[in-house]
Structures are given as structure tokens and as C-alpha cells.
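# Understanding the architecture of this molecule
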Amino acid sequence: MSSVFVNRELSWLDFNDRVLRLSREPSIPILERLKFIAIYSSNLDEFFQVRVGALHDQEEARVTTKSFDGLTASEQLRRIRARLVTLSTERDEALLTALEELGRNGVKVCRERDLEVRHKETLDDYFAKQLLPILTPLAVDPTHPFPYISGLALNIGVFVRNPESNDVRFARVKVPNGSPRFIKVDESTYVTAESVILSRLDQLFPGMDVSTGHLFRVTRNTDLTIDNEEAEDLLDAVEMELRRRRFGNAVRLEITPSMQPDMLDLLLQELELDPQDVYAHQSLVDASSLWEIHGINRPDLKDAGWNSVTAGRLAVAESLGDDIFSVIRHRALLVHHPYESFTTSTEEFIRQAAADPSVRAIKATLYRTSANSPIARSLIEAAERGVQVVALVELTARFDEQTNVQWAKRLEAAGAHVVYGVVGLKTHAKCLLVVREEQGRLVRYAHVGTGNYNSTTAKIYEDIGLFTIDETITQDVANLFNFLTGYSRSPHFGELVTAPTDLRERIVELIRNEARYGSEGRISMKMNALADAGLIDEIVRAAEAGVQIRLLIRGICCLDAQAAGGDIRIRSVLGRYLEHSRIYRFAHGGPGDSPIHYIGSADMMTRNLDSRVEVLVPIRHPKHQSWLDKLLDTMWRDDVCSFEQGAAAMWARSGPEDFTFENDAQGQFMAWATELQRSQGLPSDFDVADDISGSIQRPGSHRVVDWLRDQFHRG
């Protein structure tokens, strides 16, 4: 079976390659293409900080354990290096091509030496007022040791010679990270900050002979290492580890090709790196800063704007003066973000609960919060009002630890019960529970979703959430919170499927059940990653039994479908939104051999199945099941742009040649509102999209409100 496995790290590089390929799609607006180069670059930074850093740790510790595809840490590092040499060249070519096209569209990103003479005075003034006061040159000599180079900071290295003593010293100048990377020279021209500094290095070393400066950037290992069992206070332990993180070992050095050999040798020696850890860029070092260019005011060079709509039944309730609880009591509500608004659904659910005098308790899992989180603020408001608030804050959510620590402290100060989950397990589940007193009894309302309670990412991540008062599901969610906050064995769940207790067992059971139906069996999975050897084996066996298997995988895929044989197709859909929802559909897994659909927080990775608290919830209502089927079917259509895995697990662009709105699966979901408006014969000043439960973009005439009221009461 080992021949069907693809290395996890190399598969992730394949995913990032697909992101980079979007920057070369000529039908995508040019600023969006630059955005994809920025995403590729920031993705790669995180990959080095965490994955490559972990492999370096294994190599140093002489760990002999191999990945499930049979590679040691050293072998993986060599293959990563070989792959990235090619990708670095492709990234440079894509960036140069994109910048040339941007210039043809009236926006120039230049080096200072390429500017007109008339701009020099402007940049002299900018340097004197905005850069020089905050620049700190650090020289290396017997009294000044080699400076600490912080991770992901952009630096200029230079040799400085004293003309009297002829002594030569290395000096480092850090490019300020709090200032714009791209300086606006005029209405259509930008120059990089480092270019401005490089042209004026002599002002930092008056009276000295200054060599040509060279850019470099260091990436450090930032993987947190916390022993939950040893840490008496997890909050203090995380804060301590965050302080240590910035001093992690260097794992990558990025330079410009012109760097002189003696400077490179010095950096390698001081950073304790090898030549294979060096990556030279023909163009922009640190392309993640291209987000600044993407943010310029040129809507003609970007995707057409899109504003999320309000789920129709919620909008009807608002027009009638009803609250969100009445909508959920009437029938379970399924919402699809960002096509349907997170703000007017999930955030509004918590906002109303926080202000409602009938609410007695609110419980929430907070895995990744935003710095200005409306949900966290609502929880604080509720706690201050005397509502029993429980916030399960995952302090070790990678790269969001600091934000989560800050919210944990603010919640505790407001009187909320803040807990940090189960020892040894990350809490990745996405659950909310509201307990409300109604007519003398307590009623529970629950939300279970696929995405984080994060208002920032909710605008760009595709996710699904279920609101329900189903007694079994809400009891399950209540039991889950009691398990996470108390001291008990994992409870039995009636509807929820949870990790690490029964998720693996349930998915295996469903796969094997489909195998019993042979060629009539159908398995559809949409996820971020497939990287568990045991689950891959089960999928391959089901394919051998004749089951038709369709896998939508955004990122890591450790299964080689063609090597496995059978009817397996694997597709990756990328676009303006990050596909984040997890949907698992088994054609014969429900009652009476009917289909069963699950949504939830878990990918099919070993960590999700065995080392995290995860939740899947079944979607029972036929209307909701139909929408999930429509979602999956749309993403599998031949007339949408995508990538498909082919021979040797290589990914090829598929679908229409032009990556336009009309050929984009995500574009189809955005267009749904307009389509339904036409089908219902609604007034032209009113947009409604009944993608799940009816969605409204803006209010219209009284006739429309009457129509919506009728739809609401008919269910």
C-alpha cells in the first residue's frame, strides 16, 4: 500500500504551487494576481517556521522515525530544497511578469535608480523625515557582537571601512517593519523602502567608506513546545514560550544574488546555517508585503466587489421585528459564509444573546479570534451583565496565541469562566451554546460550524454553520462543554461525532459501509487536508470494492489516486476565498440506507483524528442536504476552473481556459442571488438568494416584504 502515499510536506508545496499558478492566470485581474504571490510567500514563511523547523529539530536530535511514505527528516529536507529551488525561480518570473503588466496599467513599482531625477528630492525629504530617525545601524566589532536578527525582518548588510585605520566592519541595518514597504512617489509610482535606504547608506555611516548594501531575511523556527502536564499555569507557559519563540534557531536565509561571498559566509557562520538553507531572489525579497500594492485604489485592476448577503429567514425576522431565536425555533438554520454574512448570523446570534435578559448562559469555543473580536466583546458584555459565560480559549492556536492570551485575560477580568481545554489536546471544535429561559423552562440553542469565530477571516474563508434547537444536538453540545470544562470521562453523544473519541471509528465505519455497496457506493469529501495513513488505506480499499470516490481537497493530499486505482478523483478548488468548510457525504450512511451528510471542524489528518477535540454534526433537513449536494456538485462541474490530480500525483489545471467570474465555482455561489431574483420575478431593486434558506442583500418594496413574510411562515 505504501506506493499510494505522497509525502505530506511535498504535497503542501504542491498546494502552494497551485496558489502561485493563480498569479499566472491572465484572465485574473492583475492586482489579484499579485495578491496570490503575496499569499504564496506568507504561506511559505509559515511552512519554514513550523514544518521545516520541526524537520531541522528531528535532524539535530537524530530522530530515525520516517514519514509514512518512508522518508527520514534529512531526506525530506533535501526534497523540499530541490522543489523550492524550482518554485523560487517560478515565483520570481511570475512577480516580474506581473509587475511589468501592472506598469502597463499605469502603476509602476520601481527601484530608486529607475526613477526620474525629479523624484529624488521627494525621496530625500521622505528619508530624512520618515526613515532616518528610526534607523539603527549595528556594526560588528570586538565590543559589538553580531546582532540578533529577528525572524522575517528585512535587513541590509554592508561592509564599512574606516579610511584612517583601514579597518573593515560588517554592519546591519534593519528596514523598519512599522513603515510602508512601498513608498508612493506620485499618483502612479511606488518605490521600495529598502531601495531608498540603500541609496543613502552613507548618511548612516558618516566619514566612512561604505560598500554596496545587500538585502537579506532570516526565517526562524517558531514552533511552540509546551508540556501541558508539566505547566502549572498554561496561560503563563504560553506567554513564556511566546517570548522564547522569537529566538528560535534560523532555518532559512533569503538573499539577493548579488550578495558578495564573504558577506554570505559571515551570515551563514553567525546564523549557523548551511548553504542549502539559502534562497536567492532575483526580485523582491519578502513578497508577502505585496498586500500593500493590492490595497491601492484601483478597482478596475481587482475582482468586482461582493458584499455578503443576510440569510433570508434572518432578514425576514429583522423586518418583522423578531429575534434570531424565533428563526431557529421555527427551523434549523444553515448558513454559508462568506456568501451569507457572518456578521448578521453568528455574530448577531451572540450579540442578541449577550443583551437578552432571558439568556442565562453562553458557552463558546474560541480557537482563532480576531484582534477586534465582536464575539469576544459580546461575551464580555454578557459576563459583566451577570450571565454565566464560559469561554474555552485555545491558547496554542498557532500564530494566534498572543491574541488569544489577551482575550483570555479580558474575559477573566469581566467575570467569565475561562478554561483552556483538555490536557494534551488542542480544542479545534467550533461550537456555541446559548441557554435561554422561555415560558418557565430552559431552552438550549446551539451553533456548530466549520470555521473559527473570527470576524476578519469570516470575510475571506468559505465556511458553513448550523444553528439548531434539536434536543439531542444541543444536549450533546452541552455535554461536550461539561467534558471540556470539568473533570469526567468523554460522554456518549447521540448525534455529534467527536475526536479523539469516536471520529476515526465513525468515518471508517461509513467508508466500509459504502464498500458493501460496491459500484453503487458513493463517497464525497470536502476538506482542507487528507494526511492520515489509516484513512487513506480505507479509502483505497473502498475504491478497490468499486465505490465511486470524489475528494475536494484544498491543501495537503497524501493519496496518489492513480496509483491507488479504482474510481477516485481528487480536485482542488482555489479562488478569491479560501475553501475551508469540511463536508463528508456517504450515499448509504443514513437511516434506511439514505445519504448522510456531516459538517464540522475536522480534516482527515492524524492530528485531527487523534490529538484534537473536533466535532462533526449531521445535517438532517432535506433542504440543507440539498444545498450541500448542490455545493459539491457545483465544485465538480466540468465548466469550473480547478486543479485535478493526475499521474504521479501531479496537479494539472482543468476546466475552462479563462479563470473568469462565470467559470469560477465561487463566482457561481455569488451569482446565485441574481439568479433567484430572476426566477422569483422579484423587483429589480431587491436581491434575494435562496441558496440555503433564502438570503437578502437589501430591502425593497412592501410587496417584497409581503412575499418574504409568506415564505417565512410557509417554512
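Residues numbered from 1 in each chain as written. Predicted model: local features only at pLDDT ≥ 70, side-chain atom pairs only at ≥ 80, totals over all residues. Heavy atoms only, no water.

### Side note on the nonpolar core
Leu34, Leu290, Met525, Leu551, Leu559 and Ile568 are the most contacted members of the largest nonpolar core, which totals 88 residues. Ranked by residue count, the leading element in this core is helix H2 (residues 30–60), at 12 residues. Residue contacts for Ile568: discarding those within four places in its chain leaves Ile539, Ala543, Ile549, Arg550, Leu551, Leu559 and Ala561. Ala429, Leu552, Ile583 and Ala665 belong to the second largest nonpolar core, which has 44 residues in total. (Core = buried A, V, L, I, M, F, W, Y, C linked by side-chain atoms within 4.5 Å. Buried < 20%, exposed > 50% of the residue type's maximum accessible area, 1.4 Å probe, protein only. Helix = DSSP H or I, 4+ residues; strand = E, 2+ residues; numbered from the N terminus. Contact = heavy atoms within 4.5 Å.)

### What to know about helix H12 (residues 374–384)
Restricting attention to buried positions, one finds in H12 the residues Ile375, Ala376, Ser378, Leu379, Ile380, Ala382 and Ala383. Two residues or fewer past H12, Gly386 is found with a positive phi of approximately 100°.

### Considering the packing of aromatic side chains
With the rule as written, the count across this model stands at 13 aromatic pairs. With 6.1 Å between their ring centres and 70° between their planes, Trp12 and Phe15 make a pair best called edge-to-face. In this pair, Trp12 and Phe15 both sit in helix H1 (residues 8–22), three residues apart, roughly one turn of the helix. Taken as a pair, Trp12 and Phe15 share a single burial class, namely buried. Summarising the aromatic geometry, the rings of Phe325 and Tyr445 are spaced 4.9 Å apart at their centres and angled 65° between planes, so their arrangement reads as edge-to-face. Linking Phe325 in helix H10 (residues 324–330) with Tyr445 in strand E18 (residues 441–449), this pair joins segments that are 120 residues apart in sequence. Tyr445 carries the same exposure label as Phe325, and that label is buried. A network of ring pairs unites the aromatic residues Trp12, Phe15, Phe47, Phe48 and Tyr279 as a single cluster. Of note, Lys35 hangs over the ring of Phe36, and the distance from its end group to the ring centre comes to 4.8 Å. (Phe/Tyr/Trp six-rings, centres within 6.5 Å; stacked < 30°, edge-to-face > 60°. Lys NZ or Arg CZ within 6 Å of the ring centre and 35° of its normal.)

### Quick notes on the pairing of strand E4 (residues 168–174)
With three bridges joining them, strand E2 (residues 138–140) and E4 adopt antiparallel strand pairing. Across the sheet, Val140 pairs through a bridge with Phe170, a residue of E4. Sheet analysis places strand E3 (residues 154–161) next to E4, joined by seven bridges and oriented antiparallel. Across the sheet, residue Phe159 finds its bridge partner in E4, namely Phe170. With antiparallel pairing between neighbouring strands as the criterion, E3 and E4 make up a hairpin whose turn holds six residues, including Asn166 at a positive phi of roughly 70°. (Pairing = 2+ DSSP bridges.)

### Description of the environment of Asp303
For Asp303, the position within the fold is in the loop between helix H8 (291–294) and strand E11 (310–311). On the accessibility criterion, Asp303 (25% relative accessible area) is partly exposed. In this structure, the C-alpha to C-alpha distance between Asp303 and Leu31, residues 272 residues apart in sequence, is 8.5 Å. Apart from the residues within four sequence positions on either side, Asp303 is in contact with Pro29, Glu32 and Arg576.

### Some details on the pairing of strand E8 (residues 214–220)
Counted residue by residue, E8 has seven buried out of seven residues, so it is predominantly covered. The side-chain alternation of E8 yields two buried faces, one formed by His214, Phe216, Val218 and Arg220 and the other by Leu215, Arg217 and Thr219. Examined bridge by bridge, E3 and E8 share four bridges and lie antiparallel to one another. Bridged to Ile156 within E8 is Leu215. Alignment of E8 against strand E9 (residues 250–255), held across five bridges, turns out to be antiparallel. Bridge pairing links Arg220 to Ala250 in E9.

### Examining empty space enclosed by the protein
Taken as a whole and assessed by the stated rule, the structure comprises five cavities of 30 Å³ or more. Leu44, Arg91, Arg252, Glu254 and His281 are the residues nearest the centre of the largest cavity, which is lined by 15 residues in total. Counting only elements with at least two residues in the lining of the largest cavity, the list comes to H2, helix H3 (73–104) and E9. Split into classes, the residues belonging to the lining of the largest cavity amount to six nonpolar, three polar and six charged. Lining the second largest cavity are 14 residues, with His337, Phe342, Gly451, Asn452 and Asp463 sitting closest to its centre. Broken down by secondary-structure element, the contributors of at least two residues to the lining of the second largest cavity are E18 and strand E19 (461–468). Looking at the lining of the second largest cavity element by element, the count peaks at four residues for E19. (1 Å grid on protein atoms, 1.4 Å probe; cavity = no way out; pocket = protein on both sides within 12 Å on 5 of 7 lines; lining within 4 Å. Points joined across faces, edges and corners; volume = space filled by probe spheres on them. Nonpolar A, V, L, I, M, F, W, Y, C, P; charged D, E, K, R; others polar.)

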